[in-house]
Amino acid sequence: MREIVLDTETTGFDPEEGDRIVEIGAVELINHVPTGRTYHQYINPQRSMPQEAFEVHGLGDDFLRDKPLFADIADAFVKFIGADRLVIHNASFDMKFLNAELRWLNRPQLPMDQALDTLAIARRRFPGSPASLDALCRRFNIDNSNRTLHGALLDSEILAEVYLELIGGRQPDLVLAPEQTKGETATAGSWRPRPRPQPLPSRLTEEEAAAHAEFVAKLGDDAVWTKL
């Protein structure tokens, strides 16, 4: 199964008001394993960069002036992603921009059902909790210390790690089977999931633990918590 974890940077929030894509980054996964194959491209938006957007990603007019137009990179981009699933955080935003750029070139649109939205997955798994990429990195203990500014390729690499945690961590199909001797065949059920090298740190604070202990003490000796 091939998936493409993708992120874009833009000049703003709405392509219908003249905003454009200025960077695309993507990471290829095969059976949920990064292959090392990536796509990365800066793009000349043919317009000035608003200060608010520059403060997010640091891509200014001077830097982007000599970069190719989207029309110049469209073929390579479409070929890279193919018809495979696109894993995107807040997919409606990126898909809106990608399809606007493709529409302006009279090219076929990317179907929305090609995209898997990790923001929606995070909100279902952790209702009421922050679901930004940074918040999910903190939740899953993923190092994002290099993310001082948004960058499409770095963000897609980080999102790939977040995505694997959101779908349950390293899935059984990610575990490499032991090397087989010549003539051996793998049998169904022969694999075993491996434990994490290091358990995830507890997110329970000392104050929360103390408050819970105090609450349980008020329930009496027959409380179910005393039997666990």
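All of the points below concern the structure found in this document. (Residues numbered from 1 in each chain as written. Predicted model: local features only at pLDDT ≥ 70, side-chain atom pairs only at ≥ 80, totals over all residues. Heavy atoms only, no water.)

1. So, the sheet that holds strand 3 (residues 33-42)
The 5 strands lie next to each other as 3-2-1-4-5, forming an open sheet whose pairing is mixed. Whereas interior strands pair on both sides, the edge strands pair on one side only; in this sheet they are strand 3 and strand 5 (115-117). Across the sheet, the mean angle separating the axes of adjacent strands is 25° when strand polarity is ignored. As judged from the 9 bridges shared by strand 1 (residues 2-10) and strand 2 (residues 21-30), these two strands associate in the antiparallel manner. Bridge pairing in strand 2 places Glu9 opposite Glu23. Most of the contacts of helix 3 (residues 70-81) go to strand 3, to which it runs at about 170°, and overall it touches strand 1, strand 2, strand 3 and strand 4 (85-88). Taken strand by strand, helix 4 (residues 91-104) contacts strand 1, strand 2, strand 4 and strand 5, and its axis lies near 80° from that of strand 1. (Pairing = 2+ DSSP bridges. Helix = DSSP H or I, 4+ residues; strand = E, 2+ residues; numbered from the N terminus. Axes fitted to C-alpha atoms, helices over the stretch in contact; angles between N-to-C directions. Contact = heavy atoms within 4.5 Å.)

2. What about the nonpolar core?
Counting 23 residues, the largest nonpolar core has Leu6, Ile24, Phe77 and Ile81 as the members making the most contacts within it. Broken down by secondary-structure element, the contributors of at least two residues to this core are strand 1, strand 2, helix 3, strand 4 and helix 4. Apart from the residues within four sequence positions on either side, Phe77 is in contact with Leu6, Ile24, Tyr39 and Leu98. With 22 residues, the next largest nonpolar core counts Ile142, Val162, Tyr163 and Leu164 among its residues. (Core = buried A, V, L, I, M, F, W, Y, C linked by side-chain atoms within 4.5 Å. Buried < 20%, exposed > 50% of the residue type's maximum accessible area, 1.4 Å probe, protein only.)

3. A few points about the side chain of Thr118
With respect to the helices and strands, Thr118 occurs in helix 5 (residues 118-125). Exposure remark for Thr118: the relative accessible area of 0% places this residue in the buried category. In this structure Thr118 touches Val87, Ile88, His89, Leu159, Tyr163 and Leu166, once residues within four positions along its chain are discounted.

4. Concerning helix 4
Counted at 1.5 Å a residue, the expected span for helix 4 with its 14 residues is 20 Å, and the 20 Å between its end C-alpha atoms agrees. For helix 4, the tally of buried residues reaches 10 of 14 residues, placing the bulk of the element in the interior. Residues Ala91, Phe93, Asp94, Met95, Phe97, Leu98, Asn99, Ala100, Glu101 and Leu102 constitute the buried set of helix 4. Considering only its buried residues, helix 4 is in contact with strand 1, strand 2, helix 3, strand 4 and strand 5. At the C-terminal side of helix 4, Asn106 shows a positive phi close to 60°. (Expected span 1.5 Å × (residues − 1).)

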